[in-house]
Amino acid sequence: MTGVTAASTSSAPTPHQVWVRIRGLLLALLVLIAAGIALATVRFGDQHGLLDPRSADRYGSRAISELLKERGVSVDVVTTLDEATAEVGPDTTLLVTSPNLLAPRQQSELRAATDDSAGRTVLLAASPSSVHTLVPGVRAKSAGPVAPRSPECSLPAARSAGDVETGGVRYASDGLDTIGCFPSGGLPTLLVVEQGAGDTVLLGSPDLLHNHRLANQGNASLALQLLGSRPHLVWYLPSLADTSATAGNRGTEGDDAPDNRSFADLIPQGWLWGTLQLALAAVLAAIWRARRLGPLVTERLPVAIRASESTEGRARLYRKANARDRAAESLRSAARTRIAPLVGVPPRDAHSPSTLVPAVSARLGSADDSLQTLLFGPAPSEDAALVRLADQLDTLEREVRTS
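Values in this document were obtained by computation on a predicted structure and should not be read as measured data.

1. Observations regarding the packing of helix 10 (residues 324–339) against helix 13 (residues 383–402)
Where helix 10 meets helix 13, the closest approach of the two axes is 10 Å, and the angle between their N-to-C directions is 0°. When the axes of helix 10 and helix 13 are compared, the pair comes out roughly parallel. Contacts between helix 10 and helix 13 involve R324, A327, A328, L331, R332, A335, R338 and I339 from the first element and D383, L386, L389, A390, L393, L396, E397 and V400 from the second. Within the contact of helix 10 with helix 13, the residues separate by chemical class into eleven nonpolar, no polar and five charged.

Spelled out as structure tokens, the structure:
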């Protein structure tokens, strides 16, 4: 029994065991990241010229730009607020492709420049954060799907175009001279706000200006009439590199007005969807790797291990951890379990000192107090004492069996 001197079985997992457990999850995560990068690269390649009148890609707008030029409308592309406001006037249409990218101060400056210009301003997919400043009195509502819609209004440009693929942000106005067309859910997706000799056009979705959609329905007709009403078109592509964005960004009516944009408004929609997809993938991976519920199933071992080898292995573990207390308790518990039925003690009371010790004493005809210490005493303080305990328990069991 010299091998019955070792360690606790509750040792921490080794680095190799940890790696074996998590390598499947890490592999799945790497595949997801690679797929996300590949998808982002493909989408970036398709949309790097988004709404750019110089781009012939699917999401570019070169087609409508060329049609406007054929009809005598000059098209100037600008990327800074200073360039855009310098060209506004009664004979100019200013198209702002991404009003939501403008800082509050930029929005205020743009509104001040266009209020008295007597020209036309077209805002694409302006959300509540930008409409509040650019077109006071107009409220932007939740976006809807883009689909062919009928005009249902008196605007000549809309009536002559017929059904058009519109949708996106919907608009409502309070006490303004407006014309609303192409309703979605009871609210217009195209709103024309009259401002003296000029006007502002709010278009809920820019999709009809994309190259691959321009020929659908009446998209081209409506786009030509909205953007070609003046001989000069300024195509403003807001850029994050515009230095006017850092000149000040606190006010919508000056430096003291609050910025109404939330953190979510500043995050591009694609990133929000990407985060949601990654979160869903993580949950699915966790479910896949989780332990299945249900009863344990006994499986045949590929290799049969002899009981002696298993005992020696456990003894070496006990010895390595210097766990004499666990080894002693294991020896005593096994001895009590084997002795109890020999002296007529039920299994449930085999580990009760008040029941087992008197029964063993009566069987041996001895009232020696050493039985209490032998069967329920403290842990040995050294290996030699543990070996003596094993021998004494073995001797006691033989005596009980032969008595």
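2. Some words on the sheet that holds strand 8 (residues 198–203)
In space, the seven strands of this open sheet follow the order 1-9-2-3-8-7-6, with mixed pairing throughout. Of all the strands in the sheet, the pair left with one neighbour each is strand 1 (74–78) and strand 6 (178–184). Averaged over neighbouring strand pairs, the angle between their axes works out to 15° when direction is ignored. Alignment of strand 6 against strand 7 (residues 187–195), held across six bridges, turns out to be antiparallel. In the sheet register, P183 faces strand 7, and the bridge partner there is P188.

3. Some points on the packing of helix 2 (residues 62–70) against helix 7 (residues 219–227)
Taken N-terminus to C-terminus, the directions of helix 2 and helix 7 make an angle of 60°; their axes are 10 Å apart at the nearest point. Judged on the interaxial angle alone, helix 7 and helix 2 are oblique. For the pair helix 2 and helix 7, the crossing hand works out as right-handed. Mapping the contact onto sequence places I64, L67 and L68 in helix 2 and A223, L224 and L227 in helix 7. Looking at side-chain class alone, the contact of helix 2 with helix 7 contains six nonpolar, no polar and no charged residues.

4. Some remarks on the nonpolar core
Core analysis: the biggest nonpolar cluster contains 31 residues, and L190, L222 and L227 have the highest contact counts within it. Looking at this core, the elements that each hand over two or more residues are helix 2, strand 3 (120–124), helix 6 (156–161), strand 6, strand 7, strand 8, helix 7 and strand 9 (232–236). Tallying contributions element by element places helix 7 first for this core, with five residues. Setting aside chain neighbours within four positions, we find L222 in contact with A157, A158, A161, V164, F182, L190 and L208. Counting 24 residues, the second largest nonpolar core, distinct from the first, contains L331, A335, A350 and L356.

5. Focus: the layout of surface pockets
Put simply, the second largest pocket is a space of about 320 Å³. S370, T373, L374, L389 and Q392 are the residues nearest the centre of the second largest pocket, which is lined by 15 residues in total. Ranked by the residues each element gives to the lining of the second largest pocket, the list is headed by helix 13, at six residues. Residue composition of the lining of the second largest pocket, grouped by class: eight nonpolar, three polar and four charged.

6. Concerning the pairing of strand 9
In terms of burial, strand 9 is a largely internal element, five of the five residues being buried. Burial of strand 9 is two-sided: the residues H232, V234 and Y236 facing one way and the residues L233 and W235 facing the other way are all buried. Where strand 2 (residues 92–96) lies against strand 9, five bridges are found, and the strand directions are parallel. Of the residues in strand 9, the one forming a bridge with T92 is H232.

7. Focus: a nonpolar patch on the surface
Nonpolar side chains collect at one region of the surface, where V18, W19, V20, I22, L26, L29, L30, L32, I33, I37 and L278 lie side by side and expose about 950 Å² of accessible area between them. The leading source of residues in the nonpolar patch is helix 1 (residues 15–47), at ten residues. Looking at the element boundaries, I37 is found in helix 1. Classification of I37 by relative accessible area gives exposed; the value is 52%.

8. Here we look at the pairing of strand 8
Of all six residues that make up strand 8, six are buried, and the element is covered over most of its length. Of the two faces of strand 8, both are covered, the one formed by G198, T200 and L202 as well as the one formed by D199, V201 and L203. In this structure, strand 3 lies alongside strand 8, joined through five bridges in parallel fashion. For T121, the partnering residue across the bridge sits in strand 8 and is T200. Of the pairings in the sheet, the one linking strand 7 to strand 8 comprises six bridges and is antiparallel in character.

Calculation rules
Residues numbered from 1 in each chain as written. Predicted model: local features only at pLDDT ≥ 70, side-chain atom pairs only at ≥ 80, totals over all residues. Heavy atoms only, no water. Axes fitted to C-alpha atoms, helices over the stretch in contact; angles between N-to-C directions. Helix = DSSP H or I, 4+ residues; strand = E, 2+ residues; numbered from the N terminus. Parallel < 35°, antiparallel > 145°, perpendicular 65-115°, else oblique. Contact = heavy atoms within 4.5 Å. Nonpolar A, V, L, I, M, F, W, Y, C, P; charged D, E, K, R; others polar. Pairing = 2+ DSSP bridges. Left-handed = near helix turned anticlockwise from the far one by under 90°. Core = buried A, V, L, I, M, F, W, Y, C linked by side-chain atoms within 4.5 Å. Buried < 20%, exposed > 50% of the residue type's maximum accessible area, 1.4 Å probe, protein only. 1 Å grid on protein atoms, 1.4 Å probe; cavity = no way out; pocket = protein on both sides within 12 Å on 5 of 7 lines; lining within 4 Å. Points joined across faces, edges and corners; volume = space filled by probe spheres on them. Patch = residues over 30% accessible without salt bridge, like charges linked within 9 Å, V, L, I, M, F, W, Y side chains within 5 Å. Areas by Shrake-Rupley, 256 points an atom, 1.4 Å probe, with all protein chains shown as cover. Salt bridge = Lys/Arg side-chain N within 4 Å of Asp/Glu carboxyl O.

From the geometry alone we can't say anything about function, so treat these as descriptive.
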